[in-house]
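Commentary on secondary and tertiary structure
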Amino acid sequence: MFTVGIVGVLTRRNAIVVFMCIELMLNSANLTLITYSSYLGDVAGQLFVFFVMSVAAAEAAVGLAIIIAIYRNKLTVNIDEINILKW
Amino acid sequence: MTIEIVLFILFGSICAVSAVLMITRPNPVLSALFLVLNFCSLAGLYLTLNAQFIAVAQVIVYAGAIMVFFLFVIMLLNPEKEKRFFEQKAKLRIFIIAIVALVLVQIVYIIFLSRPSEVITREVARSVETGTVENIGREMFTNYILPFEAAGYLLLAATIGALVLAKKKFE
């Protein structure tokens with residue numbers, strides 16, 4: 001699933017879909033943490049997953065706000081055409 | 001075959017198939033809906049692993065809040081058609097395939113190299129204990145109180161930041 005996420009990030013040219021693929025990668029890491037937490041009987045892994053979830057929510061909010069701001073300026077969400085960080 | 005293995009195979013295959021479908025759909029709305037399916041089956045996997053609290057949080061936070069947010073932005077921006085992968089530059093394409101193959105080989109290598117250690121012996125009773133809301137809450141408000149507060153501040157900062165970024169320019 002992590003690999004599928006990487007494929008998505010690298011091949012898709014739509015910034016929103018790229019964001020969704022990042023969420024997919026975060027979730028695959030979460031699944032690993034939960035599995036080890038369950039098999040080791042340790043609660044720390046599940047707490048980590050909780051914190052990853054809150055960080056992912058914050059990241060999604062800020063990222064989508066940035067996408068909206070870029071769209072307002074450039075009228076596109078295609079990441080090949082967004083080159084305003086180039087000097 | 002126990003019911004647990006059947007459920008694991010069912011949810012795992014739904015998870016994998018929906019992930020692949022998600023990155024191959026050209027329509028962003030469709031890929032968002034496949035991502036919702038992926039998150040729901042992931043919550044099922046968490047339940048088979050005795051992580052009840054995280055499974056419920058997964059459905060509420062991811063499949064509910066975050067994905068509604070994504071769909072909202074997709075509808076708002078209504079993006080144009082994008083180029084297919086194979087119409088892009090050849091050099092870029094080779095680079096992408098190399099990176100993906102490298103990561104995949106690493107993951108498969110680690111999975112097949114690692115042998116079951118003696119520490120990871122399944123203790124079902126203990127595993128059922130750890131996933132409960134009571135246990136997680138107790139741990140979170142004693143040993144992990146500092147990260148918890150930090151996460152709260154992070155969410156506050158993200159809310160304000162998102163508002164400032166997304167609103168119209170003001171004088």
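1. Here we look at the overall build of chain B
On a plain count of helices and strands, chain B comes out with 7 helices and 0 strands. From first element to last, N terminus to C terminus, chain B shows the α and β order α-α-α-α-α-α-α. Expressed as a percentage of the 171 residues in chain B, the buried residues total 31%. Across chain B, the fraction of contacts at a sequence separation of at least 24, relative to all contacts at a separation of at least 6, is 59%. Of the accessible surface of chain B, which amounts to about 11,400 Å², a share of 74% is contributed by carbon and sulfur atoms.

2. Brief notes about the packing of helix α1 (residues 3-24) of chain B against helix α2 (residues 28-48) of chain B
Residue and element names in this part refer to chain B. One can describe the packing of α1 onto α2 by two numbers: an axis separation of 8 Å at closest approach and a directional angle of 160 degrees. Comparing the axis directions of α1 and α2 gives the class roughly antiparallel. For the element pair α1 and α2, the recorded crossing hand is left-handed. On α2, the residues that touch Glu 4, Leu 7, Phe 8, Phe 11, Gly 12, Ile 14, Cys 15, Ser 18, Ala 19, Leu 21 and Met 22 of α1 are Ser 31, Phe 34, Leu 35, Leu 37, Asn 38, Ser 41, Leu 42, Gly 44, Leu 45 and Thr 48.

3. Topic: the nonpolar core
Ranked by internal contacts, the top residues of the largest apolar core, which has 40 residues, are Met 20 of chain A together with Met 22, Met 67 and Phe 70 of chain B. Elements supplying a minimum of two residues to this core: α2 (15-40) and α3 (44-74) of chain A together with α1, α2 and α3 (52-77) of chain B. Of all the elements, α3 of chain B adds the most residues to this core, at 12 residues. Val 43 and Ala 44 of chain A together with Ile 136 and Ala 151 of chain B belong to the second largest nonpolar core, which has 8 residues in total.

4. What about the side chain of Glu 23 of chain A?
Looking at the element boundaries, Glu 23 of chain A is found in helix α2. Contacts of Glu 23 of chain A, omitting those with residues within four sequence positions, involve Ala 56, Glu 59 and Ala 60 of chain A together with Phe 39, Tyr 62, Ile 66 and Phe 70 of chain B.

5. A few points about the environment of Val 20 of chain B
All names here are of chain B. Its location among the elements puts Val 20 in helix α1. A relative accessible area of 42% places Val 20 in the partly exposed class. In this structure, the C-alpha to C-alpha distance between Val 20 and Leu 45, residues 25 residues apart in sequence, is 18 Å.

Basis of the calculations
Residues numbered from 1 in each chain as written. Chains lettered and ligands numbered in written order. Predicted model: local features only at pLDDT ≥ 70, side-chain atom pairs only at ≥ 80, totals over all residues. Heavy atoms only, no water. Helix = DSSP H or I, 4+ residues; strand = E, 2+ residues; numbered from the N terminus. Buried < 20%, exposed > 50% of the residue type's maximum accessible area, 1.4 Å probe, protein only. Contact = heavy atoms within 4.5 Å. Areas by Shrake-Rupley, 256 points an atom, 1.4 Å probe, with all protein chains shown as cover. Axes fitted to C-alpha atoms, helices over the stretch in contact; angles between N-to-C directions. Parallel < 35°, antiparallel > 145°, perpendicular 65-115°, else oblique. Left-handed = near helix turned anticlockwise from the far one by under 90°. Core = buried A, V, L, I, M, F, W, Y, C linked by side-chain atoms within 4.5 Å.

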